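Each chain, letter by letter, is given below.
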Amino acid sequence: MLQFLIRRTFGAALILLLISAFTFFMFFAIPQDPAMLACGKNCTPDALEIIHKNLGLDQPVTTQYWDFLVGIFAGRDFAVGHCDAPCFGVSFANNQNVWDTILDRFPLTVSLTVGSLLVFLTVGLGAGLLAAKFRGTWLDKVFSTGSLVISSLQIYFLGPLLLLAFVYSTGWLDKPKYVPISEDPGGWFMGLLIPWVVLATIFTANYTRMSRSSMVEQLQEEHVKAARAKGMSGNYTFFRYAWRGSLIPIITILGIDLSALLAGGMATELTFGLAGLGRLALDSVTNKDLPMLMGVMLISAALIIVFNLIVDALYAVIDPRVRLS
């Protein structure tokens, strides 16, 4: 296990390095000078030169990239002051510290992503298990048909529809907003309830179908039939043997879907006007704000890599036959 984690951590660091290098050098292929954004409309050559020096844009591109990497681990000095580690630079658009801005937006994105993950796993796997347990009955048909209908829904359609139904028409729920869980757990839950449902819906249908098909397949396995032949109860063999084995293909797909979940979370933020990493990334692209864009991309990539490490480690817990070493 330890060797596996070391290998994956090294690979994750290499991936993050490649992402940062690709983003950094592709940015300088854009003909527009990023210092012009910070200089404003009434920019003079002298003011532009000062901004170049303050932001470190007067150095060669390779030197700027090296300074960026060093700043993440050791901090960095700018003409306008010192940036403590981890330093992702200073925004070209507003001169704000990139790391501080990301930390301010990070809790919302994590709350939205993890919350929706729990919702669609609970609902999707639960519906799939029930459909498999009562295969061929009306309950199975309802879940199977419902998953087909739900799979056609999209964030930009379902989001406004739920707002109209539960916020503007009935007033049962408040408009989605983010309240830190440390300040008001109830407000945190209610403020993100609709975004959780919207984001989870696009994944729930797939996991319902996958859970059902995987469970039905496991129920036909010889070790499950042998357990029943030994006199074990149907519910015991269903959850102790069949359900555990059915999770293996689902975890595999979950590892692939994590990047789509994070991307869907950013789209959900834009739909409901939530100021998370999704809005920050869009604003960074619009403003050609390289430090902010790189910070958001690296943090997003790190989240996906950490989630995948957790998913890989779960294989050994669920199936002892899997050897990570």
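1. Some words on the nonpolar core
And step 1. In this structure, Phe-120, Leu-121, Ile-194, Val-198, Tyr-207, Leu-254 and Leu-261 are the most contacted members of the largest nonpolar core, which totals 31 residues.
And step 2. Those elements that provide at least two residues to this core are α5 (98-133), α7 (155-169), α8 (185-219) and α10 (234-272).
And step 3. No other element matches the nine residues that α8 contributes to this core.
And step 4. Leaving out residues up to four positions away in the same chain, Leu-261 has contacts with Thr-113, Ser-116, Leu-117, Phe-120, Leu-199 and Phe-203.
And step 5. By size, the runner-up hydrophobic cluster in this structure holds 27 residues, among which are Leu-48, Phe-92, Leu-262 and Ile-299.

2. Re helix α6 (residues 138-150)
And step 1. Between its first and last C-alpha atoms α6 spans 18 Å; for 13 residues at 1.5 Å apiece the expected length is 18 Å, and the two agree.
And step 2. All of the buried residues along α6 are Leu-139, Asp-140 and Ser-147. Projected down its long axis, α6 shows its buried positions confined to an angular sector of 105 degrees, all on one face. Seen from the open side of α6, the exposed residues pointing more than 90 degrees away from its buried face are Trp-138, Lys-141, Leu-148 and Val-149.
And step 3. Buried residues belonging to α6 abut α5 and α8.

3. As for the packing of α5 against helix α11 (residues 277-287)
And step 1. Packing of α5 against α11 leaves a shortest axis separation of 8 Å and a crossing angle of 135 degrees. Of the possible angle classes, the one that applies to α5 and α11 is oblique. Residues Thr-101, Ile-102, Arg-105, Phe-106 and Thr-109 of α5 lie in contact with α11, whose contacting residues are Leu-277, Gly-278, Arg-279 and Leu-280.
And step 2. Each residue belonging to the contact of α5 with α11 can be placed in one class, and the counts come to four nonpolar, three polar and two charged.

Definitions and limits used
Residues numbered from 1 in each chain as written. Predicted model: local features only at pLDDT ≥ 70, side-chain atom pairs only at ≥ 80, totals over all residues. Heavy atoms only, no water. Core = buried A, V, L, I, M, F, W, Y, C linked by side-chain atoms within 4.5 Å. Buried < 20%, exposed > 50% of the residue type's maximum accessible area, 1.4 Å probe, protein only. Helix = DSSP H or I, 4+ residues; strand = E, 2+ residues; numbered from the N terminus. Contact = heavy atoms within 4.5 Å. Expected span 1.5 Å × (residues − 1). Arc of directions from axis to C-beta. Axes fitted to C-alpha atoms, helices over the stretch in contact; angles between N-to-C directions. Parallel < 35°, antiparallel > 145°, perpendicular 65-115°, else oblique. Nonpolar A, V, L, I, M, F, W, Y, C, P; charged D, E, K, R; others polar.

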